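So the chains spell out like this:
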Amino acid sequence: IIRVRPLTCTETRRGDRRVVHSLGDSAVHVSATSPPGARRGLRHPLSCRCPHAQVSAARHDATFGFSAVFDAGASQEAVFEGSGMRQLVELAIDGFSCTVFAFGQTGSGKTYTLMGPLAQSESQPASPALLGLMQRSFTCLLEQSRSRSSDLALSASYLEIYNEQVRDLLSPGPPCALPLRWSKTRGFYVENQLSVDFESLEAIVSLLLQGSQRRRTSAHALNRHSSRSHALLTIHIRSRAVSAHPAPGEGEGASACPSKQGTLCFVDLAGSERVKETGSSGELSVEANSINRSLLALGHCISLLAKPRGKRTHIPYRDSKLTRLLARSLGGSGITLMVACISPSSRCLSETLSTLHYASRARRVTTRP
C-alpha cells in the first residue's frame, strides 16, 4: 500500500509544489515536471541498478497502481481498516508468520504511520485518533483473544539494527551487540534476545514506548527526529484451542487441542537519505552510509524475488543483517504487508519516484504461506 504524507509547514513556506495525487483508492499519479534546481539521474538506495529507478526529474508524468492508496487526508483509522491489518492479526493468531514493514525516504511518515506522534509517553499518551498501526493491532489482537475459544500466550521482543549491529531495545542496561545465528529449524534468529510476556494493552504499549525511547535518533536538515536504525518489534502468539468435550480417556473437563504458533512483526526501516541533502557529517554520515547499504541489499533481494520463480538466481539474504532477519518475511512462508510512505513535495520528486518503482517491484513478490 501507499501512504502520502501532507506537505510540512516548511515545505509550504518555501513554495514547494504538490507533485503526488491519488487517483481513487488504488492508484497514485506523480506529476514529474522538473522542479527548480532538480538534478538528473539520481540513484536511490533501493534502486538496485534497476533501469526504472534511474529517475529523471524531467520525465513525463507517471501513474502507479497498488492494493490501496491513502492520500494526505487519510486518518490513522482509515489506514488501519483499509490496509488489511485486521486480517493479518487474525492470520497471526491462526499460526501464520505475518510482517508489516514501512519504508521510504527519511521524513516521509513511516514511524508516524506505525506508531503515531513521536511526542508520546506513558504519562502523556497520544490521542486515540492518532494512534498508529501498531497500537491498533495490539487492541485488535487482545479483542480477538477474548472473543475466541482459545488460550493465547503472548510475548514481545524488540530490537534495532544500528550500524550493522543487532541490539535489544527491551534489555536493561547499555545496548550491546547480539549475535545473529542460523539453524535449519529456526532460520535466522537473534541469540539471547529478551522476550517479555504480556496480557494487557497497557503492558504491550509500555514495552513499545520503552523500546522506542532507547532507539537511536538524530536531527538533520530533512528530519528533526530521524531514525538512525531499523527497528523490529515482534509479537509471538501461541494459541491453543480448548474443547469442552474431551476425547475418550482424557477424563473430565476441557481438553487442549494442538497449539499454533504465529508471529506479528512490525518493521520500521530507517529512511533512505542522501548525505548532501541532509547535511550529515561525522557520525551521522557513517550512520547514513550504513542505512543506505542495508537498504541497497534489501532492494537487491526484492528485485530478485520479483522475478518468476523459474528465472530466479541465488537470493543474497546474507548481504546484511536486515535481509537475514527479513528472509522468511520476504521469500519464505510468511504473509507480508508493505507500506510505502512518500512525500508529495516537488523537492522530494526523485526519491518519491524511486520509492514507487521499488514498491511496484515489491508488489510482484509472492510467498507460499
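Labelled according to an unreviewed UniProt entry, the chain appears under the name Kinesin-like protein, originating from Atrichornis clamosus. Per its UniProt entry, the chain bears the Subcellular location (unreviewed entry) comment "Cytoplasm, Cytoskeleton". As recorded by UniProt, the Sequence similarities (unreviewed entry) comment attached to the chain reads in full: "Belongs to the TRAFAC class myosin-kinesin ATPase superfamily. Kinesin family."

(A) Molecular detail of the packing of helix H8 (residues 283-305) against helix H11 (residues 349-363). Running from N to C, H8 and H11 point in directions that differ by 45°, and their axes come no closer than 8 Å. Taken together, H8 and H11 sit at an angle that is classed as oblique. The element H8 and its partner H11 pack so that their crossing is left-handed. For the pair formed by H8 and H11, the contact residues are Leu-298, Gly-299, Ile-302 and Ser-303 on the first element and Tyr-358, Arg-361 and Ala-362 on the second. A per-class count over the contact of H8 with H11 returns 4 nonpolar, 2 polar and 1 charged.

(B) Geometry of the sheet that holds strand E3 (residues 27-30). On the basis of which strands lie adjacent, the open sheet formed by 3 strands has the order E2-E3-E4 and antiparallel pairing. Here the strands that pair on one side only, and so sit at the sheet edges, are strand E2 (20-22) and strand E4 (62-65). Pairwise comparison of adjacent strand axes, ignoring direction, gives a mean angle of 20° for this sheet. Sheet topology note: the E3/E4 ladder contains 4 bridges and is antiparallel. Counted as the bridge partner of Val-28 is Phe-64 from E4. Along the sheet, H11 contacts E2, E3 and E4; its crossing angle with E4, the most-contacted strand, is approximately 35°.

(C) Representation of the UniProt feature "binding site: ATP" (unreviewed entry) in the chain. Mapped onto this structure's residue numbering, the UniProt feature "binding site: ATP" (unreviewed entry) falls at Gly-104, Gln-105, Thr-106, Gly-107, Ser-108, Gly-109, Lys-110 and Thr-111. Taking the relative accessible area as the measure of exposure, Gly-104 reaches 5% and is therefore buried. Setting aside chain neighbours within four positions, we find Gly-104 in contact with Lys-110, Gly-271, Ser-272, Cys-341 and Thr-355. Within the secondary structure, Gly-109 is located in the loop between strand E6 (97-104) and helix H4 (110-115). On the accessibility criterion, Gly-109 (22% relative accessible area) is partly exposed.

(D) View of the pairing of E6. Counting buried positions along E6 yields 7 of 8 residues, so the element is predominantly enclosed. Two strands pair when backbone bridges link them, and E6 and strand E17 (residues 335-342) are joined in this way by 7 bridges, in the parallel orientation. By the bridge assignment, Val-100 is partnered in E17 with Leu-337.

(E) Layout of the packing of helix H3 (residues 85-93) against helix H5 (residues 133-147). Two numbers describe how H3 lies on H5: the axes approach to 10 Å, and their chain directions differ by 50°. The angle between H3 and H5 falls in the class oblique. Crossing handedness for the pair H3 and H5: right-handed. From H3, Met-85, Arg-86, Val-89, Glu-90 and Ile-93 reach across to H5, where they touch Leu-133, Ser-137, Cys-140, Leu-141 and Gln-144. Class assignment of the residues belonging to the contact of H3 with H5 gives a composition of 6 nonpolar, 2 polar and 2 charged.

(F) Structural context of the side chain of Asp-168. In this structure, Asp-168 sits in strand E8 (residues 165-168). Separated by 2.9 Å, the side chain of Asp-168 and the backbone nitrogen of Leu-170 make a polar contact. At 3.4 Å, the side chain of Asp-168 and the backbone nitrogen of Ser-171 are in polar contact. Those residues within four positions of Asp-168 in sequence are excluded, and the remaining contacts are Tyr-158, Leu-159, Cys-176, Leu-178, Asn-192, Gln-193, Leu-194 and Arg-214.

(G) Seen up close, the packing of aromatic side chains. Across all of its chains, the model carries 4 aromatic pairs by this definition. With a centroid separation of 6.5 Å and 20° between ring planes, the pair formed by Phe-64 and Phe-66 is classed as stacked. Just as Phe-64 is buried, Phe-66 falls in that class too. Taking the centre distance of 5.9 Å and the plane angle of 50° together, the rings of Phe-101 and Phe-103 count as tilted. Each member of the pair, Phe-101 as well as Phe-103, carries the same accessibility label: buried. In textbook terms, an aromatic cluster arises when at least three aromatic residues are bridged by ring pairs, as seen for Phe-101, Phe-103 and Tyr-358. Arg-186 extends its terminal NZ or CZ atom over the ring of Tyr-189, reaching a point 3.8 Å from the ring centre.

Here is what the cut-offs are and how they apply
Residue positions within a chain follow its written sequence, with the count starting from 1. Local features in this predicted model are restricted to residues whose pLDDT is 70 or higher, and side-chain atom pairs enter the listing and the counts only when it is 80 or higher, whereas totals over whole chains, interfaces and linings include all residues. The basis for every side-chain value is the complete set of non-hydrogen atoms in the structure, without hydrogens or water. UniProt positions are given in the numbering used here, feature names are shortened, and annotations may be inferred rather than shown by experiment. Angles here are taken between N-to-C directions and fall from 0 to 180 degrees, while the axes themselves are lines fitted to C-alpha atoms, restricted in helices to the stretch in contact. Elements are defined by DSSP. Helices are runs of H or I of four residues or more, strands are runs of E of two residues or more, and each kind is numbered from the N terminus. Any angle that falls under 35 degrees is termed roughly parallel, while one over 145 is termed roughly antiparallel, one within 65 to 115 roughly perpendicular, and all others oblique. With the far helix as reference, a near helix turned anticlockwise by less than a right angle produces a left-handed crossing, and one turned clockwise produces a right-handed crossing. Contacts are residue-level and defined by heavy atoms, with any inter-residue pair within 4.5 Å sufficient. Polar here means any residue other than Ala, Val, Leu, Ile, Met, Phe, Trp, Tyr, Cys and Pro, which are nonpolar, and Asp, Glu, Lys and Arg, which are charged; Gly is therefore polar. Following DSSP output, two strands are said to pair if at least two bridges run between them. Per-residue accessibility, obtained with a 1.4 Å probe over protein chains only, is compared with the maximum for each type, and a residue is labelled buried under 20%, exposed over 50%, and partly exposed between these values. Whenever a nitrogen or oxygen atom comes within 3.5 Å of another N or O atom, the pair is scored as a polar contact, on the condition that within protein one atom can donate a hydrogen and the other can accept it, and that pairs from neighbouring residues in sequence are kept only if both atoms are in side chains. For this analysis, a ring pair means two rings from Phe, Tyr or Trp (six-membered ring only for Trp) whose centres lie within 6.5 Å, classed as stacked if their planes differ by under 30 degrees, edge-to-face if by over 60, and tilted for the remaining angles. We call a charge positioned above a ring when the Lys NZ or Arg CZ atom is no farther than 6 Å from the ring centre and deviates by at most 35 degrees from the ring normal.

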